[in-house]
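# A closer look at the structure
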Amino acid sequence: MPAPERIPSRSLTDADPLTLLTEGTITVLGQVGGASNAVLHCTVAYEGEERLCAYKPVAGEQPLWDFPDGTLAQREVAAYEVSRATGWDLVPPTVLRDGPYGQGMCQLWIDGPPSEEDAPELLALVEGEEPGDGWKAVGFADVGEGKTALLVHADDVRLRRLAVLDAVINNGDRKGGHLLTAPGGRLFGIDHGVTFNADDKLRTLLWGWAGEPLTEEALAVLGRLAGELAPGTALATRMAELITSAELEALRQRVAGLVKSAVHPQPSGQWPPIPWPPV
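Quick summary incoming for the structure in this document. (Residues numbered from 1 in each chain as written. Predicted model: local features only at pLDDT ≥ 70, side-chain atom pairs only at ≥ 80, totals over all residues. Heavy atoms only, no water.)

Further remarks concern the overall build of the protein chain. Within the protein chain, the regular secondary structure consists of 6 helices and 10 strands. The C-alpha radius of gyration of the protein chain comes to 19 Å, within 12% of the 19 Å expected for a compact globule of 279 residues. With respect to the principal axes defined by its C-alpha atoms, the protein chain has extents near 55 × 45 × 35 Å. Looking at the 279 residues of the protein chain, the share that counts as buried comes to 46%. Taking the intrachain contacts of the protein chain between residues at least 6 apart in sequence as the baseline, contacts between residues at least 24 apart amount to 64%. Here the protein chain has roughly 13,700 Å² of accessible surface; of this, 52% comes from carbon and sulfur atoms. Averaged over its 22 positive side-chain charges, the protein chain has a centre that lies 4 Å from the centre of its 39 negative ones. (Helix = DSSP H or I, 4+ residues; strand = E, 2+ residues; numbered from the N terminus. Rg over C-alpha atoms; globule rule 2.2 N^0.38 Å. Buried < 20%, exposed > 50% of the residue type's maximum accessible area, 1.4 Å probe, protein only. Contact = heavy atoms within 4.5 Å. Areas by Shrake-Rupley, 256 points an atom, 1.4 Å probe, with all protein chains shown as cover. Lys, Arg positive; Asp, Glu negative; His and termini not counted. Charge placed at Lys NZ, Arg CZ, Asp CG, Glu CD.)

Right under this line is the structure:
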């Protein structure tokens, strides 16, 4: 699919994207190719404002054996709610609403850097057995013809925060293509449909910190998040609308476990740790 036309925001402030996404009129421009589920590239307009958005109707979701049918859109919204609660805001504004093809997830579209040259390198394949300065090793990858290369990701505070968020939401599909860098360097993660399973499903390319101590910042954030997820709180009530009671309790246990261990999780060995395809 051709690169989407940039549609500037004429006067929309950063304070009200949720109103725009919730109340605005969605116009479908086309379908994003290569996705497992239906992803529609749209505009959303409200009171003279217009922005690009991604709309994923529940009707376009493919059934999965390990997730209840028709729940991926809710999980995308749940990931946004948790991300917002951390204060890191690593997930673009996301709502659940009716659209041209029924209820679905509507998420603000994130424009990337003006050109590929301006895009920061976050993932790479390198020769040798060591990642080099500024990089963290993930593991060896088959690159064909019997050769392997070391898969690495940047030793970047933005990625490290995202690795913590993925551990919290139990992200089963953190691929390279789900990392978006907006102009100005802000990092976002997208595609959070396979999250919040009650069983350990963590699959990610961001294993470089596995087993290392969590930062003081991360521990402080997780401590606050544990309080915000306590029964009866606004966040817990909202999450109960989006995921099952068993999944909500598992979420609380994951946060508590991270606070107690104070280290980044390691692969469980019970589930493939790297998503496929990795991009």
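To continue, consider the nonpolar core. A general tendency of soluble globular proteins is for nonpolar side chains to be buried together. With 42 residues, the main nonpolar core has V82, L159, V168, F196, L229, M239 and L251 as its most contacted residues. Those elements giving two or more residues to this core turn out to be helix 2 (72-86), strand 8 (147-154), helix 3 (157-169), helix 4 (216-228), helix 5 (234-242) and helix 6 (245-261). In terms of residue count, the dominant contributor to this core is helix 3 (8 residues). With residues near it in sequence (within four places) discarded, F196 still touches R75, A78, A79, V82, I169, N170, M239, I243, E247, L251 and R254. Of all hydrophobic cores here, the second largest spans 11 residues; its members include L21, C42, V44 and C53. (Core = buried A, V, L, I, M, F, W, Y, C linked by side-chain atoms within 4.5 Å.)

Where helix 3 contacts helix 6, the two axes come as close as 8 Å, and the packing angle between them is 135°. By the criterion of interaxial angle, the relationship of helix 3 to helix 6 is oblique. Side by side, helix 3 and helix 6 meet where A167, V168 and I169 of the first sit next to L251, R254, V255 and L258 of the second. (Axes fitted to C-alpha atoms, helices over the stretch in contact; angles between N-to-C directions. Parallel < 35°, antiparallel > 145°, perpendicular 65-115°, else oblique.)

Here we take up unusual backbone geometry. Even without being glycine, D191 reaches a positive phi, approximately 65°. Mapped onto the elements of the fold, D191 is located in the loop between strand 10 (187-189) and helix 4. Even without a glycine there, the phi angle at A262 is positive, about 60°. Turning to its location among the elements, A262 is positioned in the segment after helix 6. Residue classification places A262 among the partly exposed positions, given a relative accessible area of 24%.

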